[in-house]
Amino acid sequence: MRPQDDFFRAINGGWLQEFEIPADKAQYASFTALHDIAEEQLHAIINELREGVDLSDATTATPQDPATQVAIIYSSFMDTERLNERGVSAVAPLIAQIDALESADDLPALLGSFDRQGISTPVGTFVHQDNKDATQYVLDIRQSGLGLPDRDFYLDEKFAEILSGYRAHVAAMWKLAGCGDEAPAADVADRILALETKIAQASWDKVKNRDPEATYNKLTLSEVDSLAPGLAIREFLAADNVPADIDTINVGQPDYLTAVSGLFTEVELDTWRDYLRWSVLGALASLLSKDLDEANFAFFGTALSGVPSQRARWKRAVTLVESAVSEALGQIYVDRHFPPENKARMVTLVDNLIAAYGDAIDELEWMTPETK
């Protein structure tokens, strides 16, 4: 194709040649620019809310006032001196729960508790609309628990260099956390990688996970017990804060659940302890001391994702506040930056889009009336 015939290049070629992606981003597009604007606006709101809060009176109890919640979360993340002083002591209660494991029978409850707190385990849950009945919601239980983005990083030789880097990263983080000197840290990393590789071998690949029929398996709890007896599904769900009266769940990958259930007893408990300690450390590294935070970004941000620089700390603090108290912050944002006339314009836009799609579908000759 001649350059003059390439409409995309004709419109965007100059921008592509001249624009430099910011050092703290892996990609950039129009929605990235909108996000950056919103981030600045949220930062201003947060700073205003903080001015009216006396943090000297803050207690360990969860405050009900949204402004106080915002102030505590933001200020705590920005207080790097205090975070450096505390080191990994902030996660000591979680590590104590891991240390208290006495047998494989104790794993399901701890995994459920960790899943509820956003710490990666081999079994993850989420709630969504039932794929075959949009009027109902369903609890989905799925494969999870890998430190790298996909099973192929463990099983495909083309990712050998990344896997080696990940092993070194686990050992380095283990040492930074004060869990042991260099030699034992390397041994622990090997054991963790060996377990994660077993989990990867049991995991479904991306192609199979895209099959909506294969991943739709609504089962009773008794059926899940038969499928994965080692998971003790009722104990797992209770610890995950799932209501006791739930009677069915959707199992995304049934044979994976069976395999992982078997690993609970096949793999030594000490290895599970190391794996779970790493899960805690990896999940919460960005909230801990500077050395752990920077080492975590050096691997996952730069080595794995190609992002040269970590985002400014205040930007990450805004993201943390958004994730923790999004509703309260969102209401204030809408009041200030999304007036009723903006909403009316968007409703009109969406209505026009739906009408246009309707006209296009009605004109399709290959679709049956029922499908339309």
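Residues numbered from 1 in each chain as written. Predicted model: local features only at pLDDT ≥ 70, side-chain atom pairs only at ≥ 80, totals over all residues. Heavy atoms only, no water.

Caption draft 1: Quick look at the nonpolar core. Within the largest apolar cluster, 62 residues are counted, with the highest numbers of intra-cluster contacts made by Ile141, Leu231, Ile233, Ile249 and Leu276. Counting residues per element, this core draws most heavily on helix α9 (residues 182–202), at nine residues. The contacts of Ile141, once residues within four sequence positions are left out, are Val123, Gly124, Thr125, Leu231, Ile233, Phe236, Ile249, Asn250, Val251, Gly252, Gln253 and Leu257. (Core = buried A, V, L, I, M, F, W, Y, C linked by side-chain atoms within 4.5 Å. Buried < 20%, exposed > 50% of the residue type's maximum accessible area, 1.4 Å probe, protein only. Helix = DSSP H or I, 4+ residues; strand = E, 2+ residues; numbered from the N terminus. Contact = heavy atoms within 4.5 Å.)

Caption draft 2: View of a nonpolar patch on the surface. A contiguous nonpolar surface patch, about 800 Å² in accessible area, is contributed by Val334, Phe338, Met346, Leu349, Val350, Leu353, Ile354, Tyr357 and Ile361. Tallying contributions element by element places helix α18 (residues 340–362) first for the nonpolar patch, with seven residues. Relative to the assigned elements, Val334 resides in helix α17 (residues 326–337). Looking at Val334, the relative accessible area reads 39%, which means it is partly exposed. (Patch = residues over 30% accessible without salt bridge, like charges linked within 9 Å, V, L, I, M, F, W, Y side chains within 5 Å. Areas by Shrake-Rupley, 256 points an atom, 1.4 Å probe, with all protein chains shown as cover. Salt bridge = Lys/Arg side-chain N within 4 Å of Asp/Glu carboxyl O.)

Caption draft 3: Representation of the packing of helix α6 (residues 107–116) against helix α14 (residues 269–284) within the structure. With their axes 12 Å apart at the nearest point, α6 and α14 run at an angle of 10 degrees to one another. As the angle between them shows, α6 and α14 are arranged roughly parallel. Listed contacts from α14 to Leu107, Leu110, Leu111 and Phe114 of α6 are Trp272, Leu276 and Val280. For the contact of α6 with α14, the per-class residue count stands at seven nonpolar, no polar and no charged. (Axes fitted to C-alpha atoms, helices over the stretch in contact; angles between N-to-C directions. Parallel < 35°, antiparallel > 145°, perpendicular 65-115°, else oblique. Nonpolar A, V, L, I, M, F, W, Y, C, P; charged D, E, K, R; others polar.)

Caption draft 4: Spatial organisation of the pairing of strand β1 (residues 123–130). Sheet topology note: the β1/strand β2 (residues 133–143) ladder contains eight bridges and is antiparallel. By the bridge assignment, Thr125 is partnered in β2 with Ile141. Connecting β1 to the antiparallel partner β2 that follows it, the hairpin turn spans two residues. (Pairing = 2+ DSSP bridges.)

Caption draft 5: Examining the sheet that holds β2 more closely. Here four strands make up an open sheet; going across it, the order is β1-β2-β4-β3 and the pairing mixed. On the outer flanks of this sheet lie β1 and β3 (218–220), each paired with one strand and no other. The sheet shows a mean angle of 40 degrees between the axes of neighbouring strands, direction not considered. Bridge count between β3 and strand β4 (residues 248–251): three bridges; the pairing is antiparallel. Counted as the bridge partner of Lys218 is Asn250 from β4.

Caption draft 6: View of the environment of Thr371. In this fold, Thr371 is placed in the segment after α18. Distance from Thr371 to Thr32, taken between C-alpha atoms, is 36 Å for residues 339 residues apart in sequence. Side chain to side chain, Thr371 and Thr368 meet in a polar contact 2.9 Å long. (Polar contact = N/O pair within 3.5 Å; in protein donor to acceptor, adjacent residues only side chain to side chain.)

Caption draft 7: Spatial organisation of the side chain of Thr121. Tracing the sequence through the fold places Thr121 in the loop between α6 and β1. The buried category is assigned to Thr121, whose relative accessible area is 1%. Dropping the residues within four chain positions of it, Thr121 is found in contact with Leu111, Phe114, Asp115, Ser144, Gly145 and Tyr275.

Caption draft 8: Highlighting the packing of aromatic side chains. All chains considered together, the criterion is met by ten aromatic pairs. Judged by centre distance (5.6 Å) and plane angle (90 degrees), the ring pair of Trp272 and Tyr275 falls under edge-to-face. Residue Trp272 and its partner Tyr275 are located together in helix α14, separated by three residues, close to a single helical turn. Taking relative accessible area as the criterion, Trp272 reaches 0% and is therefore assigned buried. One aromatic cluster in this structure is built from Tyr154, Tyr166, Trp278, Phe299 and Phe300. Just above the ring of Trp204 sits the side chain of Lys208; from NZ or CZ to the centre is 4.1 Å. One Lys or Arg, Arg313, reaches over the ring of Phe77 and ends 3.9 Å from the middle of that ring. (Phe/Tyr/Trp six-rings, centres within 6.5 Å; stacked < 30°, edge-to-face > 60°. Lys NZ or Arg CZ within 6 Å of the ring centre and 35° of its normal.)

Caption draft 9: Quick peek at the side chain of Asp274. Among the secondary structure elements, Asp274 is positioned in helix α14. The class of Asp274 is buried, set by a relative accessible area of 6%. A distance of 2.9 Å separates a polar atom in the side chain of Asp274 from a polar atom in the side chain of Arg191. At 2.8 Å, the side chain of Asp274 and the side chain of Arg277 are in polar contact. Aside from chain neighbours lying at most four places away, what touches Asp274 is Trp174, Val188, Arg191 and Ile192.

Caption draft 10: Region of interest: helix α13 (residues 254–266). Over its 13 residues, α13 runs 19 Å from end to end, which matches the ideal 18 Å to within 8%, given 1.5 Å per residue. What α13 keeps buried is the set Pro254, Tyr256, Leu257, Val260, Ser261, Gly262, Leu263 and Phe264. (Expected span 1.5 Å × (residues − 1).)

Caption draft 11: Fine view of the packing of helix α2 (residues 30–51) against α17. Here α2 crosses α17 at 110 degrees, and the two axes come no closer than 11 Å. Classified by the interaxial angle, the pair formed by α2 and α17 is roughly perpendicular. Remark: the crossing between α2 and α17 carries right-handed chirality. Every residue of α17 that contacts α2 at Ala38, Gln41, Leu42, Ile45, Ile46, Glu48 and Leu49 is listed here: Leu329, Ile332, Tyr333, Arg336 and His337. Residue classes in the contact of α2 with α17 are distributed as eight nonpolar, two polar and two charged. (Left-handed = near helix turned anticlockwise from the far one by under 90°.)

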